[in-house]
Amino acid sequence: MTTEKIRPLVLEYTIVSGDFAGGGKAASDVKRCLSQLGCQSEVIRRVAVATYEAEMNMIIHSFGGKITIYISSDNIRILCEDTGPGIPDIELAMQEGYSTASDKIREMGFGAGMGLPNMKNCSDFFCIDSGEGQGTKVEMVINL
Amino acid sequence: MGYFHSVTLDKEKCKGCTTCIKYCPTEAIRVRDGKAVIIDERCIDCGECIRRCPHQAKMAVTDTLDSLDNFKYKVVIPAPSLYGQFKKEITVERILNSLLALGFDYVFEVAQAAELVSDFIAGELQKGKFKRPAISSACPAVIRLIQVRFPALLDNVITILSPMEVAARLVKKRLQEEKGFKVEEIGVFFISPCAAKVTSVKSPLSTEKSYVDGVLNMSAVYAKLINNLVDEENMHLLQKANGRGIGWAISGGESLALKSENYLAVDGNENVIKIRELLEMGKLQDIDFLECQACLGGCVGGPLTVENSFIAKKRIKLLIDKYGTKVKGPDNAYQKLSDFAYWVKKLEPREILKLDDDREKALGKMIKLEEILKNLPGLDCGSCGAPNCRALAEDIVRGKGSEFDCIFKLRERIKVLAEHMVELSNKVPPSIGKKLG
Ligand SMILES: Nc1ncnc2c1ncn2[C@@H]1O[C@H](COP(=O)(O)OP(=O)(O)O)[C@@H](O)[C@H]1O
Ligand code: SF4
Ligand SMILES: [Mg+2]
């Protein structure tokens, strides 16, 4: 007999632009949840990396926004929505090593241009929607 | 599955003050019936609670000097941190000679083994044997912390035996070959700065059975030594280790010994946790070697040491300068260690945080946990006996606590009941009628 499926656990985070100290909160929380679910360490690693990079991108590059994480028994869905300024050329942004981060940000150890490619590599499903002057939307699904 | 724990509670001394529960890095302590209770599966024997307890109610179970009598030939292997416990006028040579005078037949410095282990690790790192950043396994407490809290980092751990274990093996081999002793006649005793090392001997992660036969409490040995220091004259020449090996006693010492140029040394449970969080999120990938130690300052800050860790650290630094950090010949290390240097046991995660074996049920409990948490006051006051509100919520969904363990919830409930009682007491049965009143 299989147990009845239940609704996912929803975690919501408001991301403030420039709030470096707050970075990693969502990743840390979701990591704990996955340990509580008894997930494999490799899955935990992928979810942690994907969530952290998403958080940092919104903190560094966007005006701020929201991250919603849906944890169900067979996958994790990470939904990121910010209010701009958007990415003019997504294909370019997805390239390894491409970054528009300022020197100051680089000095802080960010801006290696590996965030988006890593997010994609870590996910089983990855989708990004953006454009100049509009918000950026990223959806990632990682199967458990 | 349970394993031996060195950290234990002296129930008599415990006041149930809730100090320790706040600092435990794995939330392994609860207060029940006015006394601290250690949850065995969660405890990593880091000894943080030993350091924090204001009533000295937490202690480390160690072996005593009496157990020396079980062996024909008694060997002492002091941790390098022992050298930092004495004033700088008391030389390493004098400490080692005084150890012999306590009733040992032979002394072999763990620092000497540390030099060999450093060479071996450096060689293996160069060959790219470990996932970067390679994480030191010198501190058993932080390795157990990885097992329970950072499973994604298990692959990065350098699974090469500790200097203590290597020292025990080398000395037993030497005594068998050179003096013809049988292995069971030789008793090897480690002088430990911490509980974690005791556990690593009694329940090793690396091997089926440790070659160390007994672990002595550093502060107890210190008390004996300081009153029985031998005269400077007539001392044997015992010291072999130089600053590279001795340096393992402090944070950054192992990195120094490895001659790693691109390393990070982090000490203290809290700091170690922060760095590992970042590591698990994919940061710090540019680092070659990560040294983590549960105790502030490194092993000189161990819970069984006597000297202030800053002072001890300074002394170790002086010794490093005095004896230098010359590499004595890396080939030597390969010759001596290659047969046995690697762990034989696989380092596995320990899923103590898992809420249920059935994932669907675990998810259900997680949802319930979040709901309960929303209704708790969020003060993390510890009065319920759990370290914070989230931990209480977790205990509740595990069936190991109740909402009314929270004094605020209890008070709320009592208030409601009291109001009910007032309301009820104002109600008068019609048969009695108002006139009577
Ligand atoms: N949420 C976002 N809003 C606006 N621009 C973004 C966002 N996320 C990524 N970008 C753009 O895509 C580029 C590449 O992102 P990424 O691969 O994460 O590298 P990095 O963050 O190191 O620059 C960024 O430099 C930035 O120009
Ligand atoms: S840092 Fe050293 S003394 Fe402290 S727990 Fe780890 S091994 Fe023991
Ligand atoms: Mg980025």
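As shown above, the structure is provided for reference.
Here goes a summary of the coordinates provided.

This part is about the overall build of chain B. In terms of regular secondary structure, chain B is built from 16 helices and 11 strands. Looking at chain B as a whole, 56% of its 437 residues qualify as buried. Expressed as a percentage of contacts within chain B between residues at least 6 apart in sequence, the contacts between residues at least 24 apart total 79%. Approximately 20300 Å² of chain B is accessible, and the part contributed by carbon and sulfur atoms is 52%. Looking at chain B, you have 65 positive and 58 negative side-chain charges, and the mean spots of the two groups are 3 Å apart.

Every residue lining ligand 2 is accounted for by C139, P140, P193, C194, A196, Q293, A294, C295, C299 and G302 of chain B. Each residue belonging to the shell around ligand 2 can be placed in one class, and the counts come to eight nonpolar, two polar and no charged.

Bringing the site of ligand 1 into the picture now. Residue and element names in this part refer to chain A. The local shell around ligand 1 holds 17 residues, among which N57, H61, S99, T100 and G113 are the closest. Within the contact set of ligand 1, an oxygen atom lies 2.9 Å away from a side-chain nitrogen or oxygen of N57. Within the contact set of ligand 1, an oxygen atom lies 2.8 Å away from a side-chain nitrogen or oxygen of H61. Bound to the protein, ligand 1 loses 93% of the 530 Å² it would expose on its own. Elements that contribute at least two residues to the shell around ligand 1 include exactly α2 (41-61) and α5 (115-122). Looking at the shell around ligand 1 residue by residue, the class counts come to seven nonpolar, nine polar and one charged.

On to helix α1 (residues 25-37) of chain A, then. Residue and element names in this part refer to chain A. Taking 1.5 Å per residue as the helical rise, α1 with its 13 residues ought to reach 18 Å, and the 19 Å between its terminal C-alpha atoms agrees with that figure. Burial analysis of α1 places 10 of its 13 residues in the buried class, the great majority of the element. All buried positions along α1 are accounted for by A26, A27, D29, V30, K31, C33, L34, S35, Q36 and L37. Where α1 terminates, the next one or two residues include G38, which has phi positive at roughly 80 degrees.

Turning our eyes to something else, we now look at the sheet that holds strand β9 (residues 214-217) of chain B. Residue and element names in this part refer to chain B. Ordered in space as β6-β5-β8-β9, the four strands form an open sheet in which the pairing is parallel. Edge positions in the sheet fall to β6 (106-107) and β9, since each has one partner strand and no second. Sheet topology note: the strand β8 (residues 186-192)/β9 ladder contains four bridges and is parallel. Within the sheet, the bridge partner assigned to F189 lies in β9 and is G214.

Attention now moves to the interface of chain A and chain B. The interface of chain A with chain B comprises 30 residues on the first partner and 29 residues on the second. Here chain A meets chain B over a buried area of about 2600 Å², counting both sides, of which 59% is carbon and sulfur. The partner of E280 of chain B in a salt bridge is K31 of chain A, with the nearest N and O atoms 2.4 Å apart. Contributions of two or more residues to the side of chain A that touches chain B are made by α1 and α2 of chain A.

Conventions adopted
Residues numbered from 1 in each chain as written. Chains lettered and ligands numbered in written order. Predicted model: local features only at pLDDT ≥ 70, side-chain atom pairs only at ≥ 80, totals over all residues. Heavy atoms only, no water. Helix = DSSP H or I, 4+ residues; strand = E, 2+ residues; numbered from the N terminus. Buried < 20%, exposed > 50% of the residue type's maximum accessible area, 1.4 Å probe, protein only. Contact = heavy atoms within 4.5 Å. Areas by Shrake-Rupley, 256 points an atom, 1.4 Å probe, with all protein chains shown as cover. Lys, Arg positive; Asp, Glu negative; His and termini not counted. Charge placed at Lys NZ, Arg CZ, Asp CG, Glu CD. Near = heavy atom within 4 Å. Nonpolar A, V, L, I, M, F, W, Y, C, P; charged D, E, K, R; others polar. Polar contact = N/O pair within 3.5 Å; in protein donor to acceptor, adjacent residues only side chain to side chain. Expected span 1.5 Å × (residues − 1). Pairing = 2+ DSSP bridges. Buried area = accessible area lost by both parts, 1.4 Å probe. Salt bridge = Lys/Arg side-chain N within 4 Å of Asp/Glu carboxyl O.

Keep in mind these values describe shape, not function.
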